[in-house]
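Observations on chain architecture
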Amino acid sequence: MKHFTLDEFACKHCRELPSQGMHPDLLAVLELARGKANSPIHITSGYRCPTHNANTPGAASNSYHTQGMAADSWCEGLDVYIYKALLLECMNELGLKGGLQEYPDTEFVHVDVRGYWAEWC
C-alpha cells in the first residue's frame, strides 16, 4: 500500500488484524480515494476483534469490521458528505458495491465492501 500501513487498520482494543488480512478491495478503495483527494485519509476504525466490536455502541454483531472488510475514516480538508461522494466515485470506478454511511456528528464515513449497496442512518 502506498498511502497506508496495516497498523492503521489494527484493532484499537488488541492491535490485531484479521487472520485473512484486510480485504484487498477495501484497501483499493481507500488508496484510490487518497490519490484522488491528494490529502491524508485517517482510519478511525478498521478491524475490530469480537470483544471490541461487542463493546462498540451501535455496532452490528455481524459487522464487516470483524471480517476486515470495513473501515471508518475521514479525509483532511473534505466535508464528510464530499468525502462520502468521493468514496462512492472510487467504488464505482473499481466496480465495487458496499456500505457507505456518513456520520456527521463524528465527521467520519463508514465504507465496506459487502458486495451490495447499503446505507442505514
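Counting 29 residues, the largest nonpolar core has F9, L30, Y83, L87 and V111 as its most contacted members. Of all the elements in the fold, those that place two or more residues in this core are α1 (24–37), β1 (41–45), β2 (70–75), α3 (80–94) and β4 (108–112). No other element matches α3, which puts six residues into this core.

Right, let's talk about the packing of aromatic side chains for a bit. Under the criterion given, the structure shown has two aromatic pairs. Look at Y103 and F108: their rings are 4.8 Å apart centre to centre, the planes differ by 25 degrees, and that puts the pair in the stacked class. You can call Y103 partly exposed: its relative accessible area is 25%. Overall, the relative accessible area of 17% leaves F108 in the buried class.

This part covers the pattern of salt bridges. Under the counting rule described, the total for this entry stands at seven salt bridges. Measuring nitrogen to oxygen at the nearest pair gives 2.9 Å for the salt bridge that ties R15 to D7. Of the charged contacts in the structure, one is a salt bridge between K36 and E93, with a shortest N-O distance of 3.0 Å. Taken together, the positions of K36 in helix α1 and E93 in helix α3 put the pair 57 residues apart, joining distant regions of the chain. Judged by its relative accessible area of 37%, K36 falls in the partly exposed class. In this structure, a network of salt bridges that share partners links the residues K36, E89 and E93.

Turning our eyes to something else, we now look at the environment of H13. Inspection of the secondary structure assignment puts H13 in the segment before α1. Relative accessible area serves as the criterion here: at 48%, H13 is assigned to the partly exposed category. Counting along the chain gives 103 residues from H13 to Y116, while the straight-line C-alpha distance between them is 29 Å. When sequence neighbours within four positions are dropped, the list of residues in contact with H13 reads C49, T51 and H52.

Examined against the element boundaries, R114 turns out to sit in the segment after β4. At 2.8 Å, the side chain of R114 and the side chain of D112 are in polar contact. Among all residues touching R114, those that are not within four sequence positions of it are Y64, M69, K97, G98, G99 and W120.

Conventions used here
Residues numbered from 1 in each chain as written. Predicted model: local features only at pLDDT ≥ 70, side-chain atom pairs only at ≥ 80, totals over all residues. Heavy atoms only, no water. Core = buried A, V, L, I, M, F, W, Y, C linked by side-chain atoms within 4.5 Å. Buried < 20%, exposed > 50% of the residue type's maximum accessible area, 1.4 Å probe, protein only. Helix = DSSP H or I, 4+ residues; strand = E, 2+ residues; numbered from the N terminus. Phe/Tyr/Trp six-rings, centres within 6.5 Å; stacked < 30°, edge-to-face > 60°. Salt bridge = Lys/Arg side-chain N within 4 Å of Asp/Glu carboxyl O. Contact = heavy atoms within 4.5 Å. Polar contact = N/O pair within 3.5 Å; in protein donor to acceptor, adjacent residues only side chain to side chain.

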